[in-house]
Amino acid sequence: MKRSVYLFLLGIFFSLSLFSQTGIHYDVSFDPEEHYIHLNLSLSGLSEETTTLRMPVWAPGYYIIIDYPKNVVDFNAFDSEGNPISWEKEGKNGWVINNGAFRDITLSYRVYANTQSVAECMVTSDKAFIPGNGVYMHIEGKKESPVSVCFTLPDRWKQISTGLKRTEDANTFYAADFDILYDSPVYIGTQQVSYFTHEGHHYELALETPEGIEEQDFTGDLKKIISTCTALIGDVPYEDYCFILMGRGGGGLEHFNSQACFTYGTYHFETEEMYHGFLSFITHEYFHLYNVKTIRPIELGPFDYDREVFTPLLWISEGFTVYYELPILLRAGIINKDYFLKEMSAVIRKVEGNTGKNHMSLRQSSYDIWLNFFNRNANGADTRISYYDKGPIIGLLMDIEIRQMTDNRRSLDDVMRALYWQYYKEKNRGFTEEEFWQICTEVAGQPLTEMRRYVETTCAIDYTKYAAYAGLEIDENWNISISESCSGLPLCIRESIFGK
Ligand SMILES: [Zn+2]
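Quick caveat, the model's predicted, so the values are computed rather than measured.

1. Some words on empty space enclosed by the protein
- By the definition in use, this model includes three cavities of 30 Å³ or more.
- Lining the largest cavity, in full, are Ile348, Leu396, Leu397, Ile400, Tyr463, Tyr466, Ala467, Leu472, Ile474 and Ile480.
- Secondary structure elements with two or more residues in the lining of the largest cavity: α10 (387-405), α14 (463-469) and β22 (472-474).
- Taken together, the residues of the lining of the largest cavity sort by class into ten nonpolar, no polar and no charged.

Here you go:
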């Protein structure tokens, strides 16, 4: 090949490479009085004559169709000279832009932001909460594209708190792809921000209503929770992590390197139990960085944001996360075993006190969550169960059973670690239902046949047997207590789970 032809072809190759990388940048500003977020989306290097943009209709961790595009108004498209170009809506969450020969275009739209929820946008005079799914659009088929976002703040807003990567410009952030952008909520306002470094990682603590925070060693307790969780799995997958703790409200949502939670609106807790309940909630969202973000059912990522993603395994992702709140806080030295037993007794009482347990299996409650996330039909407790309730019961029983089968050498922790290291780290994917049970078999040395029946059917749970395995007793009101006459393996199991 002649050198000139070679250079000519090389030039074409580099040009094509450049064009195949679409530049995506958002400029975001706010209209606090009217509760709007203004977005300007600059796209460069487009390669097709039409470009389809998509906005998610749901947010991972929040298993309900929210239909975010309902909040979009004044959508417009412009060519590189600022002239309007035509577009058409495709389905409820698609916009098809007829950009023709134009490689660089700009889109603008507004998002109405006036719902208080961990999964929806809110803009008021003193703050903005921006969960990415409800705001940004991606180019169809190009979710893997990197994206930058620049926020223009009203004068009185001072701080931006998020797990997104900061750039040299304080108001501009970067995400390597749209999964990260969608998984990184942003809180902007006048929140109190503090930073700490712990075991080589950086943490941001953003508090919308910090009143009373000095009454307890909250940062110290967070560090204990972080150390306990990360020691349990043996790896820290993030560089930095942001706790976004908002004002009074309900709910929290987990993200890979952040969490966004509503609080009591104050850190003045009337009782120690209330404070422990709050720490339990924070622990839950933090432990999710493992159990659902990295240790995940195969259906939960990469995500299809256009429709429901069904999985029969949320009883692991949510139920075991509820269970682990207790062992983590106990191992961290924050709660005692009486608190642990009282909480477990309460959750067993809730499940066993309703007839829903006779009509829905735990597995089914996972699969049908898309119908029931906010289903408040009057027959709910009579005909359905929640994986938030029966899930932690199975977590405890499985922990006890694995210990019982292995002479207390293995536990549920080994299952969680195996799932993390074998599927997230080695295979970089989620696990299937059969792979989950296979891991349990490998850890326990035999199949967990009875446990699987408790998950997949509505058969009655033999609490007395499992309590005895762990040196415990359970009475007719579902109160779990320490068995006085206990020695050998049950005593070892009890002390391993609940402490001495
Ligand atoms: Zn959860």
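2. Brief notes about the layout of surface pockets
- In this structure, the largest pocket encloses a volume near 920 Å³.
- Looking at the lining of the largest pocket, the elements with two or more residues in it are β15 (172-175) and α2 (178-182).
- Ranked by residues supplied to the lining of the largest pocket, first place goes to α2 with three residues.
- The residue makeup of the lining of the largest pocket, split by class, is 19 nonpolar, nine polar and ten charged.

3. Describing unusual backbone geometry
- For the peptide bond that leads from Gly301 to Pro302, omega is -5 degrees, which places it in the cis range.
- For Pro302, the location among the structural elements is in the loop between α4 (272-287) and α5 (314-331).
- Backbone geometry at His35 places phi at a positive 65 degrees, although glycine is not the residue there.
- Within the fold, His35 resides in the loop between β1 (23-31) and β2 (36-44).
- The residue Val292 is not glycine, and still its phi comes out positive at about 140 degrees.
- With respect to the helices and strands, Val292 occurs in the loop between α4 and α5.
- Judged by relative accessible area, which is 6%, Val292 ranks as buried.

4. Considerations on the domain arrangement of the chain
- By the assigned domains, the chain splits into domain 1 (3-186) and domain 2 (301-308 + 347-500).
- Computed over C-alpha atoms, the centres of domain 1 and domain 2 are 41 Å apart.
- At the junction of the two partners, domain 1 supplies 15 residues and domain 2 supplies eleven residues.
- Around 1300 Å² of area is buried between domain 1 and domain 2 when both sides are counted, 66% of it from carbon and sulfur atoms.
- It is Trp58, Tyr63 and Ile64 that lose the most area in domain 1 upon contact with domain 2, and together they represent 43% of the buried surface on that side.
- Put simply, domain 1 and domain 2 have one salt bridge between them.
- Salt-bridge contacts for Asp306 lead to Arg54; the nearest nitrogen and oxygen are separated by 4.0 Å.
- On the surface where domain 1 and domain 2 come into contact, there are six residue pairs in polar contact (both at pLDDT 80 or more).
- Per-class residue counts for the side of domain 1 that touches domain 2 are nine nonpolar, three polar and three charged.

5. Describing the state of the cysteines
- Within this structure, the stated rule accounts for zero disulfides.
- No disulfide involves Cys121; its sulfur sits 17 Å from the nearest other cysteine sulfur, which is in Cys242.
- With no disulfide of its own, Cys150 lies closest to Cys121 among cysteine sulfurs, the gap being 18 Å.
- On the basis of relative accessible area, Cys150 is assigned to the buried category, the value being 16%.

6. A few points about the sheet that holds β2
- Read across the open sheet, the seven strands follow the order β4-β7-β2-β1-β12-β15-β14; overall the sheet is mixed. The open sheet is flanked by β4 (72-78) and β14 (165-166), the only strands paired with a single partner.
- Here five bridges tie β4 to strand β7 (residues 105-112), and the two strands are oriented antiparallel to one another. Bridging across to β7, Val73 finds its partner in Arg110.

7. Some words on helix α3 (residues 218-233)
- If you check α3, its first and last C-alpha atoms are 23 Å apart, about what 16 residues at 1.5 Å a residue would give, namely 22 Å.
- Of the positions making up α3, those classed as buried are Phe218, Gly220, Asp221, Leu222, Ile225, Ile226, Thr228, Cys229, Thr230, Leu232 and Ile233.
- Check the buried side of α3 and you find it contacts β17 (192-198), β18 (201-207), β19 (240-248), α4, α5 and α11 (412-427).

8. Some points on the coordination of the zinc ion
- Protein ligation of the zinc ion involves His284 (NE2), His288 (NE2) and Glu318 (OE), the donor distances falling in the range 2.0 to 2.1 Å.
- We note that the donor set of the zinc ion lies within a single chain, spaced as H-x3-H-x29-E. Within this pair, whereas His288 is found in the loop between α4 and α5, its partner Glu318 is found in helix α5, the two being separated by 30 residues in sequence. The exposure classification of His288 matches that of Glu318, with both residues buried.

9. Observations regarding the packing of α3 against α4
- Between α3 and α4, whose axes approach to 11 Å, the crossing angle comes to 40 degrees. The orientation of α3 relative to α4 falls into the category oblique. The two elements α3 and α4 cross, and the hand of that crossing is right-handed. In contact with Phe218, Asp221, Leu222, Ile225, Ile226, Cys229, Thr230 and Leu232 of α3, α4 contributes Tyr275, Phe278, Leu279, Ile282, Thr283, Tyr286 and Phe287.
- When grouped by side-chain class, the residues that make up the contact of α3 with α4 number twelve nonpolar, two polar and one charged.

What counts as what
Residues numbered from 1 in each chain as written. Predicted model: local features only at pLDDT ≥ 70, side-chain atom pairs only at ≥ 80, totals over all residues. Heavy atoms only, no water. 1 Å grid on protein atoms, 1.4 Å probe; cavity = no way out; pocket = protein on both sides within 12 Å on 5 of 7 lines; lining within 4 Å. Points joined across faces, edges and corners; volume = space filled by probe spheres on them. Helix = DSSP H or I, 4+ residues; strand = E, 2+ residues; numbered from the N terminus. Nonpolar A, V, L, I, M, F, W, Y, C, P; charged D, E, K, R; others polar. Buried < 20%, exposed > 50% of the residue type's maximum accessible area, 1.4 Å probe, protein only. Domains from an automatic or database assignment. Contact = heavy atoms within 4.5 Å. Buried area = accessible area lost by both parts, 1.4 Å probe. Salt bridge = Lys/Arg side-chain N within 4 Å of Asp/Glu carboxyl O. Polar contact = N/O pair within 3.5 Å; in protein donor to acceptor, adjacent residues only side chain to side chain. Disulfide = S-S within 2.5 Å. Pairing = 2+ DSSP bridges. Expected span 1.5 Å × (residues − 1). Donors = N, O, S within 2.8 Å, 3.2 Å for Na, K, Ca; no water. Axes fitted to C-alpha atoms, helices over the stretch in contact; angles between N-to-C directions. Parallel < 35°, antiparallel > 145°, perpendicular 65-115°, else oblique. Left-handed = near helix turned anticlockwise from the far one by under 90°.

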